[in-house]
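Inside the fold
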Amino acid sequence: MSIEGFASNWMTEEHSMVYDSALKMFKSWEDKDEQWRENGMIDREAWHEAGDMGFLCASMPEEYGGGGGDFGHEAAILLAQAQANQAGFGGMVHSGIVAPYILKHGTEEQKKAWLPKLATGESVGAIAMTEPTTGSDLQAIKTYAVKDGDDYIINGSKTFITNGQHTNLIVLACKTDRDQGAQGVSLIVVETDALEGFSRGRNLKKTGLSSQDTSELFFSNVRVPQKNVLGGVEGLGFIQMMQELPQERLIIALSGCGAIKLALELTLEYVKEREAFGKSIWKFQNTRFKLAEVQADYLAVKALCDSAVEAMINGTLTAPQASLIKYWVTEKQCNVMDECLQLFGGYGYMTEYPIARMYADARVQKIYGGTNEIMKELASRFM
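Values in this document were obtained by computation on a predicted structure and should not be read as measured data.

Helix-helix packing is characterised by the crossing angle of the two axes and by the distance between the axes. Axis separation between helix α5 (residues 91-105) and helix α6 (residues 108-120) bottoms out at 9 Å; the angle between their running directions is 165°. Put simply, α5 runs roughly antiparallel to α6. For the pair α5 and α6, the crossing hand works out as left-handed. The residues of α6 that touch α5, namely those facing His94, Val98, Ala99, Ile102 and Leu103, are Gln110, Lys111, Trp114, Leu115 and Leu118.

Here's what the structure looks like:
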């Protein structure tokens, strides 16, 4: 069965076709999902398939190898991914975060060099901000780059990096002036293939998102051309990150919206088939009331996300709005997963059931992209 919300005004016929096609591809991965979770990462071939199908960099201009769409195309793909329960695929970081950094802030030479490879899946993108001793406080990063001839020499480490095992193109946040705070932060694009001094640490074991490679990255006297500083100018990294974080936070909210819909659909199907005390669980008033509450949450989350997508397409989504949307939707997502898992009873705790995996996958939504506590702190500064 399908749970319908209010119509999405931003979703054109073309967006809807992208959603349907992406959903078909993501659902075709179901047979591989268990093995991917055991391996701790999705196969590299899946990235090539997504690129061949046009589901990487869908909003990038055609002149750089992208799909020529808008943010609505990325949103449609994200919702399809969530609806297929493929939260482990790092495409939202690759297409919705890394590629826009390069498009919006890179030089023409940088865009031509890096975007086409991201669009095909030849390169897998990652953004490396978080460090072992710094989370949401991006001004406090310790990874640094010093000039040496025409190059930078980079030293430092990063952790919790999505796509870390597969990535060969990293947007790296580092200090190019360690005597400055935010003004000393730059973004340097690091191409890792055969790069001396670069190494990957553990593929980190997590509570959820078990098919997503999430890694430690190490930089020991890594030599990168100075021309790889994003935009060609030092010291703009913090500003660039602040400008792109609203889209990152909306992406997180959209994945939460899609997951809520799937959880409701799966739970409705289960409670109408499962019997207890001689009747279906659906016949109990508590079950119906709980799922009515979940459907109300979904309607509210979807309406809020739809409005935010429209604002993103129009270029009017603000940082405090995105922060509050990310906070509120992810809180609802975690609450919904808990309520739905409870209605599955003991089976809900078994990882062979999708709801168990969705419950675990949801928890990090309140942490990455900036913790929900930071989201409220940021938004409160504009009140």
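Right, picking up where we left off after that structure.
It is worth spelling out the domain arrangement of the protein chain at this point. What the domain assignment reports for the protein chain is domain 1 (13-124), domain 2 (126-235) and domain 3 (238-381). With 19 residues of domain 1 at the interface, the matching set in domain 3 holds 23 residues. Of the roughly 2000 Å² buried between domain 1 and domain 3 on both sides combined, carbon and sulfur atoms contribute 63%. Taken together, the connections running from domain 1 to domain 3 amount to 2 salt bridges. Secondary structure elements with two or more residues in the side of domain 1 that touches domain 3: α2 (30-39), α4 (71-83) and α5.

What follows is about unusual backbone geometry. In this structure, Leu209 takes a positive phi of about 50° despite not being glycine. Here Leu209 shows up in the loop between β6 (198-203) and β7 (214-225). With a phi close to 55°, Phe277 is a non-glycine residue in the positive phi region. In this fold, Phe277 is placed in the loop between β8 (275-276) and β9 (279-280). With relative accessibility at 81%, the residue Phe277 sits in the exposed group.

Turning our eyes to something else, we now look at the nonpolar core. Looking at soluble globular proteins, one finds that nonpolar side chains tend to be buried together. Grouped together as the largest cluster of nonpolar side chains are 91 residues, with contacts concentrated most on Phe26, Met241 and Leu254. Here the element with the most residues in this core is helix α7 (residues 237-273); it accounts for 15 residues. The residues touching Met241, leaving out its near neighbours within four places in the chain, are Tyr101, Met129, Leu138, Ala173, Val185 and Leu187. Counting residues in hydrophobic clusters, the runner-up holds 18 residues, among them Ala126, Ile170, Val190 and Val224.

Below, the discussion takes up the UniProt feature "domain: Acyl-CoA dehydrogenase/oxidase N-terminal" (unreviewed entry) in the protein chain. UniProt's entry tags residues 12-122 with the feature "domain: Acyl-CoA dehydrogenase/oxidase N-terminal" (unreviewed entry), counted in the numbering of this structure. Note that residues 12-122 is 68% helix and 0% strand, and that its end C-alpha atoms are spaced 30 Å apart.

This part takes up the packing of aromatic side chains. The description of two aromatic rings rests on the distance between their centres and on the angle between their planes. For the structure on display, the rule yields 10 aromatic pairs. Ring geometry for Phe26 and Trp29: centres 5.3 Å apart, planes at 85°, overall edge-to-face. Considered together, Phe26 and Trp29 belong to a single accessibility category, that of buried residues. Between the aromatic rings of Phe344 and Tyr353, the centroid separation amounts to 6.1 Å while the plane-to-plane angle is 75°, which identifies the pairing as edge-to-face.

With that out of the way, let us pick up the layout of surface pockets. Of the voids in this model, the largest pocket is the one considered here, and its volume is about 1200 Å³. Residue lining of the largest pocket: 45 residues in total, with Thr130, Ile367, Tyr368, Gly369 and Gly370 positioned closest to the centre. Listing elements by their share of the lining of the largest pocket, those giving two or more residues are α5, β3 (151-162), α7, α9 (319-343) and α11 (372-380). Element by element, the count of residues in the lining of the largest pocket is highest for α7, at 8 residues.

Reading the values: the criteria
- Residues take numbers from 1 onward in each chain, read along the sequence in its written order.
- Note on the predicted model: pLDDT of at least 70 is required for a residue's local features to be given, and 80 or more for side-chain atom pairs to be given and counted; whole-chain, interface and lining totals, by contrast, use all residues.
- The basis for every side-chain value is the complete set of heavy atoms in the structure, and neither hydrogens nor water enter the calculation.
- The axes used here are C-alpha line fits, helices contributing only the stretch in contact, and every angle between their N-to-C directions lies in the interval 0 to 180 degrees.
- Every helix listed is a DSSP run of H or I at least four residues long, and every strand listed is a run of E at least two residues long, numbered separately from the N terminus.
- The scheme is simple: roughly parallel for angles under 35 degrees, roughly antiparallel for over 145, roughly perpendicular for 65 to 115, oblique for anything else.
- Take the far helix as the reference: if the near one is turned anticlockwise from it by less than a right angle, the crossing is left-handed, and if turned clockwise, right-handed.
- Contact between two residues is taken to exist if any of their heavy atoms lie within 4.5 Å; hydrogens are not considered.
- For the domain bounds, the source is a domain assignment made automatically or taken from a database.
- Joining two parts hides part of their accessible area as seen by a 1.4 Å probe, and the buried area is that hidden amount summed over both.
- By convention in these notes, a salt bridge is any Lys or Arg side-chain nitrogen within 4 Å of a carboxyl oxygen on Asp or Glu.
- Here's how the labels work: a residue is buried when its accessible area is under 20% of the maximum for its type, exposed when over 50%, partly exposed in between, all with a 1.4 Å probe on protein chains only.
- Take the buried Ala, Val, Leu, Ile, Met, Phe, Trp, Tyr and Cys residues and link them wherever side-chain atoms come within 4.5 Å; each set so joined is a nonpolar core.
- UniProt positions are given in the numbering used here, feature names are shortened, and annotations may be inferred rather than shown by experiment.
- Each Phe, Tyr or Trp ring, with Trp reduced to its six-membered ring, pairs with another whose centre is within 6.5 Å; inter-plane angles below 30 degrees give stacked pairs, above 60 give edge-to-face pairs, and intermediate values give tilted ones.
- Cavities and pockets were defined on a 1 Å grid built over protein atoms only: a cavity is a set of grid points that admits a 1.4 Å probe from which the probe cannot escape, a pocket is an open set flanked by protein on both sides within 12 Å along at least five of seven lines, and lining residues are those with an atom within 4 Å of any such point.
- Grid points are joined across faces, edges and corners, and a volume is the space filled by probe spheres set on the points.

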